[in-house]
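Now for the letters of each chain:
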Amino acid sequence: MLLTGETQGYYRDYERSPRNDIARALGSGFVYQGEASAHRDGQLRGEPSGDLAPTAFVNFLQNHDQIGNRAFGDRLASGANARAIEAGLAITLLAPAIPMLFMGEEWGSKAPFPFFCDFKGDLAEAVRKGRRSEYEWAYRKYGDDVPDPLALSTFQSAVPDWNARNVKDGQERLALVRELLAIRRREIIPRLAGAAFGGADAADNGRLTARWRMGDGATLGLLANLSDQTIAQSGKTAGAIIWGAETGDSIAPWSVSWRLEAR
């Protein structure tokens, strides 16, 4: 929602305050803690989860459902700000929750991943009708341009563009992901056993902070600017930087820094 601004379908559940939703997920694991879901006609969703371990949750920016349930299967890289995506990766890959990357995300693949299947007869037709019913908004807007889930060409279009790893943008994104995963292996994974949520906050100007008590007693801290504008920063941030840059008196747009403060 924050990266694309979309509000159709189940994205309605996240149009309230995307940055606050991110803070809720980072601070207690799951966005919905018993609130009513607009997409589900007011049905209550979720329950308090902050007492669980951060490793009980899987974090991701996109997965096969989030992409495949879009009308054309387009990925974040096809429309979202590249700096915003990289900020999202820096948060996702270093937060204590288990991170997940969707195939090709590590190099910023733009290959679509539309919904496809290989059914026959009545089941095939039921899938076609079911998709049109569940995603009526998409078919109403795009009509027959929405890929047929039973067509071979739909499946073929979802094959990852492996050569994209070798172009400049692909190499740079892959290098970033590898760097973040190396830091995770070195600084985060050894401290995960016994880690606990410590809270998170989001401000209207885009400033996001979060903290976790790690298993060895250290405090892991996140400071980010999830906006297109430079924002002011006051006061000192405790701990040694493990990724990102010193912020000084201001925080650049879509910047992320991670710190560890020893016990």
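Before reading further, recall that the structure is shown in the block above.
My aim in this report is to walk through the structure given alongside it, one point at a time. (Residues numbered from 1 in each chain as written. Predicted model: local features only at pLDDT ≥ 70, side-chain atom pairs only at ≥ 80, totals over all residues. Heavy atoms only, no water.)

## Considerations on the sheet that holds strand E6 (residues 207–213)
The strands making up a sheet associate through hydrogen bonds between their backbones, and the pairing can be parallel or antiparallel. Taken together, 5 strands build an open sheet; the order of strands is E5-E6-E7-E11-E9 and the sheet is antiparallel. Only two strands of the sheet have a single neighbouring strand rather than two, namely strand E5 (196–202) and strand E9 (240–243). Mean inter-strand twist for the sheet, computed between neighbouring axes without regard to direction, equals 20°. Examined bridge by bridge, E9 and strand E11 (residues 256–261) share 3 bridges and lie antiparallel to one another. Each bridged residue has a counterpart across the sheet, and for Ile241 the counterpart in E11 is Arg259. Here helix H1 (residues 18–28) sits on the sheet in contact with E5, E6 and strand E7 (219–225), set at roughly 165° to E5. Against the sheet, helix H7 (residues 168–188) contacts E7, E9 and E11, and its axis sits at roughly 135° relative to E9. (Pairing = 2+ DSSP bridges. Helix = DSSP H or I, 4+ residues; strand = E, 2+ residues; numbered from the N terminus. Axes fitted to C-alpha atoms, helices over the stretch in contact; angles between N-to-C directions. Contact = heavy atoms within 4.5 Å.)

## Examining the nonpolar core
The biggest cluster of nonpolar side chains holds 39 residues, and the ones touching the most others in it are Leu26, Trp212, Leu222, Trp243, Val256 and Trp258. Those elements that provide at least two residues to this core are H1, helix H3 (82–94), H7, E5, E6, E7, E9 and E11. Counting residues per element, this core draws most heavily on H3, which supplies 8 residues. Not counting the four nearest positions on each side in its chain, Trp258 is found in contact with Ala90, Ile91, Leu94, Ala95, Trp212, Leu220, Gly221, Leu222, Ala240, Ile241, Ile242 and Trp243. Counting residues in hydrophobic clusters, the runner-up holds 5 residues, among them Ala71, Tyr135, Ala138 and Val146. (Core = buried A, V, L, I, M, F, W, Y, C linked by side-chain atoms within 4.5 Å. Buried < 20%, exposed > 50% of the residue type's maximum accessible area, 1.4 Å probe, protein only.)

## Describing a nonpolar patch on the surface
Judged by side-chain polarity, Val58, Phe60, Ile98 and Met100 come together as a nonpolar surface patch covering roughly 300 Å² of accessible area. Residue position: Phe60 is located in the loop between strand E3 (58–59) and helix H2 (64–68). Phe60 sits in the partly exposed class, given a relative accessible area of 34%. (Patch = residues over 30% accessible without salt bridge, like charges linked within 9 Å, V, L, I, M, F, W, Y side chains within 5 Å. Areas by Shrake-Rupley, 256 points an atom, 1.4 Å probe, with all protein chains shown as cover. Salt bridge = Lys/Arg side-chain N within 4 Å of Asp/Glu carboxyl O.)

## Remarks on the side chain of Ser37
Looking at the element boundaries, Ser37 is found in strand E1 (residues 33–37). In terms of polar contacts, Ser37 uses its side chain to reach the backbone amide nitrogen of His39, at 3.4 Å. A polar contact of 3.0 Å, which involves the side chain of Ser37, links it to the backbone nitrogen of Arg40. With residues up to four places along the chain from it excluded, the contact list for Ser37 reads Asp13, Tyr32, Gly42, Gln43 and Arg45. (Polar contact = N/O pair within 3.5 Å; in protein donor to acceptor, adjacent residues only side chain to side chain.)

## Looking at the environment of Asp216
Locating Asp216 in the fold gives a position in the loop between E6 and E7. For the pair Asp216 and Ala195, spaced 21 residues apart in sequence, the C-alpha to C-alpha distance is 8.0 Å. Excluding residues within four positions of it along the chain, Asp216 makes contact with Arg191 and Arg263. A polar contact of 2.7 Å, which involves the side chain of Asp216, links it to the side chain of Arg191.

## Looking at the packing of H3 against H7
Between H3 and H7, the least distance of the axes is 9 Å, while the angle of their chain directions is 20°. It follows from the interaxial angle that H3 and H7 lie roughly parallel. As H3 runs across H7, the sense of the crossing is right-handed. Only Arg173, Leu176, Val177, Leu180, Leu181, Ile183, Arg184 and Ile188 of H7 make contact with H3, whose side of the interface consists of Ala82, Ile85, Glu86, Leu89, Ala90, Leu93 and Leu94. Class assignment for the residues of the contact of H3 with H7 results in 12 nonpolar, no polar and 3 charged. (Parallel < 35°, antiparallel > 145°, perpendicular 65-115°, else oblique. Left-handed = near helix turned anticlockwise from the far one by under 90°. Nonpolar A, V, L, I, M, F, W, Y, C, P; charged D, E, K, R; others polar.)

Purely geometric numbers; function is a separate question.
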